[in-house]
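# Working through the structure, step by step
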Amino acid sequence: MSANKFFKTLIRRKQLDFGELTDTNLNRCLSTLDLTTLGIGSTLGLGIYVLAGQVASTKAGPAVILSFFIAAVASVFAGMAYAEFGARVPKTGSAYVYSYVTVGEFMAFVIGWNLILEYVIGTASVARGYSGYIDSLTNRTIERTLIELFPINSTGISAYPDFLALGITLLLTVMLAVGVKESSRFNNLFTGLNLVVLLFTVIAGSFKADIANWKLSKEDVPDNAGEGGFLPFGFSGIVRGAATCFYGFIGFDVIATTGEEVKNPQRAIPISIVLSLLFIFLAYFGVSSVQTLMWPYWDQFQAAPLPYVFQMVGWPWARWVITIGALAGLSTSLLGSMFPLPRILYAMASDGVIFRRLAKVNPRLKTPLLATGVSGILSGVMAMMFDVKELADMMSIGTLLAYSLVALSVLILRYQKDITDSSELSTEINTYQNETSATLQQVLRQIINLERINKPTSLSSRVSLGLTLSTGVVIVILDSLLITYENELGNQEVKSTTIVACVAFCGLLLVFALWKQPCNHKKISFKVPLVPFLPFLSIFINLYLMLKLSKITWIRFAVWISIGLLIYFGYGIWNSNERTRVHGAPISKVSSTAQLQNSFESYRDNEDVDSSSSAGQEIEIPKTEQTTVTKF
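On to the overall build of the protein, then. Looking only at helices and strands, one finds 26 helices and four strands in the protein. Buried residues in the protein amount to 56% of all 632 residues.

Quick look at the structure:
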């Protein structure tokens, strides 16, 4: 395979028939309320009861509320990009599908592989936290017993096999396998209970608030607790806290993975993303404010800081109320972490970039049964055998990368010629490789848009793509310089400040040049405002937070990516639907798509199927882009 052909293979794009986006083998049963509570429930779990106190005590102090604000801003920007794509491409797969349609197959695989990592670790960590919280109510009886019976003396592995965490994960797996509607009812109930307890926490804690806890002097705090006051660790502490607090907002993107199970995805997805992020930020802001006002920030590094604070101010009875909310929140957070995982596997397997057997849907339950089972077993084993606390930052690095790619995809779509479907989008973008290059004078005139055209052309689309990618490179350089010269910039050194200012100025020139280009004004139910400024700001914040993560996180991330690359180059690149479409070569035995489609029509209409002929069968999902489907 030549280098040019290999490169074209990596950037081949998924082609969807937008006229058939409403056709799906999954059950369309979720409402806007279901999606909003799913987004809230998947986020307000372990973080709200643990994160605020621990970040305040070690990184940000009372300014943890500003750390949450920065993390919220990054999430809101990403949420708006997700909302626009949810309106454009209401298909299961989240950032994976969005990247596949706009950026290309290889990058889409990388994003999808990172999302798998995010949800596996998220499920395992919450399951382990759930188990630990229950065990704390029994004075660690379960832990002591298992350490005595099944001790594990190995670095990087848990001191004992947590069978309770495994059982919790497998129970949730069964619940998800039974059906989406049943699990969403469970989520709605526990999310409501969690919000009531959080409201109680804010109101009750206000009666014990003392502004003096935000004004502690250096003499009032231990040596390792900073300088005291509202900003004991300075601005750097706020940013480091924000990188950790971002973990607390991971989860709202679960909404975007449900596109094929929503009654009205173009309307419900954008609304539910905005509403869930609003409620999430208000909850974090309220709880962290009250918590640091009630008790000195430096004494909140506890396994369960929120109940501890109430106990220290003389309200031990409130511990049990908070415990109810914590268990409810952990339940919904666990569901939110695991809910999208089989759907990501389902989407990737449907496209053939990972093993196709994971794309099979059980006709009776109408869920991706094998993908759900694999997800549950993998997450359960990790929760049972591994101490996942050190891997928590890996959730952030994968998610931040996904958010950046979605924002980039928004920019690519906005400045392309008017199109009606993603097939035309791929054709339009691929013309960059085939059309005769414009003269330098034409390109320069288009960069400043001298003709003042207001509708995208082939030339303006190419210029816009070049400006977008160039700005992305400048942002990477700028973020790297900000990290490298962090101390020098704080001391206002002339050399470092000048270098950073020059790079920032170049970036602004590129952004304003892109702003001058004509936009695609196709009407959809939601659009990101202030394009291109907000998407680029989102990318800037995301990359900055990624660079704030530790070296060991990047090393572990590289290991995970290496495993994924082996799968892609060993299987996915040869078996993807787009390769089959381009080369027209079957990849295995086939059966009639029409027959399968007719079978699925009865499931969509909720008709009864003879159990003797359908129960327990697994039928692979028919593809709209090809007349044959793989049959194993």
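It is worth spelling out unusual backbone geometry at this point. In this structure, the amide linkage connecting Val531 to the following residue, Pro532, adopts the cis form with an omega of 10 degrees. The residue Pro532 is located in the loop between helix 21 (494-515) and helix 22 (533-547) in this model. In this structure, Asn449 is a non-glycine residue whose phi angle is positive, near 50 degrees. Along the chain, Asn449 falls in the loop between helix 18 (440-447) and helix 19 (458-484). We classify Asn449 as buried; its relative accessible area is 7%.

A separate point is the nonpolar core. Tyr49 and Ile116 are the most contacted members of the largest nonpolar core, which totals 148 residues. Ile116 has contacts with Leu341, Ile344, Leu345, Met348 and Trp560, leaving out every residue within four places of it along the chain. Grouped together as the second largest cluster of nonpolar side chains are eight residues, Val239, Val474, Leu482 and Val500 included.

With that settled, consider the packing of aromatic side chains. The description of an aromatic ring pair uses the distance of the two centres, along with the angle that the planes make with each other. Going through the model one piece at a time under the given rule, you end up with 22 aromatic pairs. A ring pair is formed by Phe355 and Tyr571, whose centres lie 4.9 Å apart and whose planes are at 55 degrees; its orientation type is tilted. Residue Phe355 is found in the loop between helix 14 (340-351) and strand 1 (360-361), and its partner Tyr571 is found in helix 23 (residues 551-575); the two are separated by 216 residues along the sequence.

Before going further, it helps to spend a moment on the pattern of salt bridges. The tally for this structure, following the rule as stated, stands at five salt bridges. Between Lys548 and Glu486 there is a salt bridge whose closest N-O contact spans 2.9 Å. Placement of the pair is Lys548 in the loop between helix 22 and helix 23 and Glu486 in helix 20 (residues 486-490), with a sequence separation of 62 residues.

Once that is clear, we can look at the environment of Ser75. If you trace the backbone, Ser75 turns up in helix 4 (residues 64-88). On a C-alpha basis, the gap between Ser75 and Ile541 in space is 9.8 Å, while along the polypeptide they are 466 residues apart. In this structure, Ser75 is in contact with Phe246, Phe249, Phe252 and Leu277, ignoring residues within four places of it in sequence.

The next point concerns helix 23. Compared with the 36 Å implied by 1.5 Å per residue over 25 residues, the 35 Å span of helix 23 between its first and last C-alpha is a close match. At Tyr568, helix 23 shows its strongest bend, of approximately 45 degrees.

Attention shifts here to the packing of helix 19 against helix 22. When two helices pack together, their arrangement is captured by the angle between the axes and the distance separating the axes. Two elements in contact, helix 19 and helix 22, have axes separated by 9 Å at closest approach and are oriented at 40 degrees. Classified by the angle between their axes, helix 19 and helix 22 sit oblique to one another. Seen along the crossing, helix 19 lies across helix 22 with a hand that is right-handed. When helix 19 is examined against helix 22, the residues Thr468, Thr471, Gly472, Ile475, Val476, Leu478, Asp479, Ser480, Leu482 and Ile483 are found in contact with a partner set consisting of Phe536, Ile539, Phe540, Leu543, Tyr544 and Leu547.

Right, let's get into the side chain of Arg12. As for its position among the elements, Arg12 is in the loop between helix 1 (3-10) and helix 2 (32-43). Side chain to side chain, Arg12 and Ser576 meet in a polar contact 3.1 Å long. Not counting the four nearest positions on each side in its chain, Arg12 is found in contact with Tyr100, Gly104, Glu105, Gly572, Ile573, Ser576, Glu578 and Arg579.

How each quantity is defined
Sequence order as written defines the numbering, with residues in each chain counted from 1. In view of the model being predicted, local features appear only for residues whose pLDDT reaches at least 70, and side-chain atom pairs are presented and counted only at 80 or more, with totals across whole chains, interfaces and linings using the full set of residues. The basis for the side-chain values is all heavy atoms of the structure; hydrogens and waters are excluded. Each helix is a run of H or I in the DSSP string that is no shorter than four residues. Each strand is a run of E no shorter than two, and both are numbered from the N terminus. Whether a residue is buried, partly exposed or exposed follows from its accessible area with a 1.4 Å probe, protein chains only, as a fraction of its type maximum: under 20%, in between, or over 50%, in that order. Working definition of a nonpolar core: buried Ala, Val, Leu, Ile, Met, Phe, Trp, Tyr and Cys residues. They are joined through side-chain atoms within 4.5 Å. Between two residues, a contact is recorded if the distance between any of their heavy atoms is within 4.5 Å. Pairing of aromatic rings covers Phe, Tyr and the six-membered ring of Trp, with a centre-to-centre limit of 6.5 Å; geometry is then stacked below 30 degrees between planes, edge-to-face above 60, and tilted otherwise. A pairing counts as a salt bridge when a side-chain nitrogen of Lys or Arg comes within 4 Å of a carboxyl oxygen of Asp or Glu. Each helix should span, by expectation, one fewer than its residue count multiplied by 1.5 Å. For a residue, the bend is simply the angle between two axes, fitted respectively to the seven-residue segment ending there and the seven-residue segment starting there. Fitted lines through C-alpha atoms give the axes, limited to the stretch in contact for helices. The angle between two N-to-C directions lies from 0 to 180 degrees. For classification purposes, angles smaller than 35 degrees are called roughly parallel, those larger than 145 roughly antiparallel, those between 65 and 115 roughly perpendicular, and all remaining angles oblique. Crossings are classed by handedness, with left-handed meaning an anticlockwise turn of the near helix from the far one by less than a right angle and right-handed meaning a clockwise turn. In the analysis that follows, any N or O atom pair within 3.5 Å is treated as a polar contact, provided that within protein one partner can donate a hydrogen and the other can accept it, and provided that, for residues neighboring in sequence, both atoms belong to side chains.

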